[in-house]
Amino acid sequence: MGSRLVIIMVLIYLKRAFRALFSFIFRLTPIKKQLIVFDNFNGRGFGCNPKYIALRLLDKNQDLDLVWLASDKNEDFPDGVKCVRYDSIEAWWVLSKASVWVSNVRNSKGVKKRRGQLYIQTWHASLGPKMIEKDAQETLTNAYLKEAHLCGLETDLMFSNNEFMSHIYQNSFWYNGPVLRCGVPRNKPLLDHECDYASIIKSQYGIPLSDSICLYAPTWRRNNSFSIDSIPFRSWLSSLEDRFNTKFTILLRLHPNSDFRVNFDDCSIVDVSSFPDFQELIAAADVLISDYSSSLEDWVLTERPGFMFTPDYDEYLLDRQFYYPLSQRPYPIARSSSELCNLIRSYDEGSQIDLIRSFKRQFDIKDDGMGDSTIANVIIDYVKSGKLDLDCYECSE
């Protein structure tokens, strides 16, 4: 085991050395103005904020070279988006040559940003109660903190649809640049009334078109403090169907970092964890049940029914700290399945909508569903002028 570990460490060191060497060589050649490179969760695939920015750039038909860094080159990408294997020589080349980087995580690609390159850090949440980055640094590794600090210094632009996150970006991300106030690109499906995401999801998974959808999306637990297998989903279904007077299908979306999967014999409960775009799943749902996940903060944009199911609340608090208590959210909290069923049956639409609108006012949440177009315009202007000009936008400095 010891010799195997030594071999692995040597290989990691050699890759870092090769990356640094090739990146240095590539930096000796001019930046390619039309080249834009995207990364979603360190090579995960076509999704989150980078996806919607890329799609909008394609719509604007600006003759740009759009490159996506992906671990799996066999994933489907739209025409006009080239896939390059993540952390390969070709990836180091495009990162060294691109005029614009778009990423929703810290730059862990090991390629230093050049003068003349624009780095847009999109992050991967609009708002959420869990403390992050500098505010949660005691839970983060030294390696991550070093990487995050460097990434913050290299970042040129961030954006937010609310003042709360604007403040966090400016004070907890080791970032000194502007925060553009605009819609969050990945929230577009939640505000897009032209696309019927529900019909698309139902057709893909063989769900009757007449069914309503309840999406259950628990976040990741570092210590696996509760089990999906113990949840009485049939009781949830009965409560939903009694309250809303329609047949429901429950869609289960496990966090990508979860290390367990489940199989259901009941066709009314469907595991959609492999579906690539979480925001499209949210857009398709009639009811959302989650927990500590920031998906509930996105969900306020729809003003649809939402519930928190937190059976491991006490254990979770030992692992994470919150910016604001869960009770401040506009959704009721259940500590058990029986309590959740009671909350569903007693759901009052008018009262919850009032709470949602009050929550949006409190955090100054403003999202027009056009954040993808706003950031695409920023990129296009930068490609044309070589300057980041935000004079016509609302920014927090």
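Our subject is the structure listed above.
Residues numbered from 1 in each chain as written. Predicted model: local features only at pLDDT ≥ 70, side-chain atom pairs only at ≥ 80, totals over all residues. Heavy atoms only, no water.

**What about the overall build of the protein?**
Counting its secondary structure elements, the protein contains 14 helices and 14 strands. Expected size for 397 residues packed as a compact globule is a radius of gyration near 21 Å; at 22 Å, the protein falls within 12% of this value. Counting only C-alpha atoms, the protein reaches 65 × 60 × 40 Å along its principal axes. When the 397 residues of the protein are sorted by exposure, 53% land in the buried category. Sequence-distant contacts in the protein: of pairs separated by 6 or more residues, those separated by 24 or more amount to 67%. Accessible area for the protein stands at about 18300 Å²; split by element, carbon and sulfur atoms hold 51% of it. The averaged location of the 52 negative side-chain charges in the protein is 7 Å from the averaged location of its 46 positive side-chain charges. (Helix = DSSP H or I, 4+ residues; strand = E, 2+ residues; numbered from the N terminus. Rg over C-alpha atoms; globule rule 2.2 N^0.38 Å. Buried < 20%, exposed > 50% of the residue type's maximum accessible area, 1.4 Å probe, protein only. Contact = heavy atoms within 4.5 Å. Areas by Shrake-Rupley, 256 points an atom, 1.4 Å probe, with all protein chains shown as cover. Lys, Arg positive; Asp, Glu negative; His and termini not counted. Charge placed at Lys NZ, Arg CZ, Asp CG, Glu CD.)

**Details of the environment of glycine 371**
You can see glycine 371 is positioned in helix H14 (residues 371-385). Residues glycine 371 and aspartate 348 lie 23 residues apart in sequence; the distance between their C-alpha atoms is 32 Å. Those residues in contact with glycine 371 that lie beyond four places of it in its chain are Gly183, Val184 and Pro185.

**Observations concerning the pattern of salt bridges**
Going through the model one piece at a time under the given rule, you end up with 19 salt bridges. Aspartate 211 is paired through a salt bridge with lysine 247; the nearest N and O atoms lie 3.4 Å apart. Here lysine 247 lies in the loop between helix H8 (233-244) and strand S9 (248-252) and aspartate 211 lies in the loop between helix H7 (197-205) and strand S8 (212-216), a separation of 36 residues in the sequence. Taking relative accessible area as the criterion, aspartate 211 reaches 3% and is therefore assigned buried. A relative accessible area of 42% places lysine 247 in the partly exposed class. Residues aspartate 242 and arginine 345 are paired through a salt bridge, measuring 2.7 Å at the closest nitrogen-oxygen approach. Of the two residues, aspartate 242 sits in helix H8 while arginine 345 sits in helix H12 (residues 337-345), which places them 103 residues apart along the sequence. Looking at arginine 345, the relative accessible area reads 41%, which means it is partly exposed. Sharing partners across several salt bridges, the network here consists of Arg56, Asp59, Lys188 and Asp372. (Salt bridge = Lys/Arg side-chain N within 4 Å of Asp/Glu carboxyl O.)

**Quick look at a nonpolar patch on the surface**
A surface patch of nonpolar side chains, about 680 Å² in accessible area, is lined by Val10, Leu14, Phe18, Leu21, Phe24, Ile25 and Leu28. Tracing the backbone shows isoleucine 25 in helix H1 (residues 2-26). (Patch = residues over 30% accessible without salt bridge, like charges linked within 9 Å, V, L, I, M, F, W, Y side chains within 5 Å.)

**Some words on the packing of aromatic side chains**
One pass over the structure, following the stated rule, counts 25 aromatic pairs. Ring geometry for phenylalanine 164 versus tyrosine 323: centroids 5.6 Å apart, planes at 85 degrees, classification edge-to-face. Placement of the pair is phenylalanine 164 in helix H5 (residues 163-172) and tyrosine 323 in the loop between helix H11 (313-317) and strand S13 (333-334), with a sequence separation of 159 residues. For phenylalanine 164, a relative accessible area of 23% corresponds to the partly exposed category. Residue tyrosine 323 is classed as partly exposed on the basis of its relative accessible area, which comes to 22%. An angle of 35 degrees between the planes, with centres 6.3 Å apart, marks the rings of tyrosine 316 and phenylalanine 322 as tilted. A relative accessible area of 4% places tyrosine 316 in the buried class. Among the aromatic residues, those joined into a cluster by ring pairs are Phe164, Tyr323, Tyr324, Phe359 and Phe363. (Phe/Tyr/Trp six-rings, centres within 6.5 Å; stacked < 30°, edge-to-face > 60°.)

**Notes on the sheet that holds strand S2 (residues 65-70)**
In any sheet, the strands associate via hydrogen bonds between backbone groups, in a parallel or an antiparallel arrangement. Overall, parallel pairing links the five strands, which are arranged S3-S2-S1-S4-S5 in an open sheet. One side of each edge strand has no neighbouring strand; the edge strands of this open sheet are strand S3 (81-85) and strand S5 (118-121). If you compare each strand with its neighbour and ignore which way they point, the axes differ by 25 degrees on average. The pairing of S2 with S3 spans five bridges and is parallel. Bridge pairing in S3 places leucine 69 opposite valine 84. On the sheet, H14 packs against strand S1 (32-39), strand S4 (98-103) and S5 and is oriented at approximately 160 degrees with respect to S4. (Pairing = 2+ DSSP bridges. Axes fitted to C-alpha atoms, helices over the stretch in contact; angles between N-to-C directions.)

**Notes on the sheet that holds S9**
Here six strands make up an open sheet; going across it, the order is S10-S9-S8-S11-S12-S13 and the pairing parallel. Looking along the sheet, the strands with just one partner apiece sit at the ends: strand S10 (269-271) and S13. Sheet topology note: the S8/S9 ladder contains five bridges and is parallel. Paired with serine 212 across the two strands is phenylalanine 248, which belongs to S9. Sitting on the sheet, H8 is in contact with S8, S9, S10, strand S11 (287-290) and strand S12 (306-309), with an inclination near 135 degrees to S9.

**Comments concerning the side chain of serine 103**
Here serine 103 lies in strand S4. Looking at serine 103, the relative accessible area reads 2%, which means it is buried. Within the local environment of serine 103, its side chain forms a polar contact with the backbone oxygen of valine 105, the two atoms lying 2.9 Å apart. (Polar contact = N/O pair within 3.5 Å; in protein donor to acceptor, adjacent residues only side chain to side chain.)

**So, the nonpolar core**
Membership of the largest hydrophobic core comes to 45 residues, with the highest contact counts inside it found for Phe173, Leu215, Leu251 and Leu281. Among the secondary structure elements, those contributing two or more residues to this core are H5, H7, S8, helix H9 (278-284), helix H10 (295-299) and helix H13 (349-362). Looking at which element gives the most residues to this core, the answer is H9, with five residues. Every residue in contact with leucine 251, bar those within four places of it in the chain, is listed here: Ile201, Ile207, Ile213, Cys214, Leu215, Tyr216, Val270, Val272 and Leu281. Val81, Leu118, Ala376 and Ile379 belong to the second largest nonpolar core, which has 30 residues in total. (Core = buried A, V, L, I, M, F, W, Y, C linked by side-chain atoms within 4.5 Å.)

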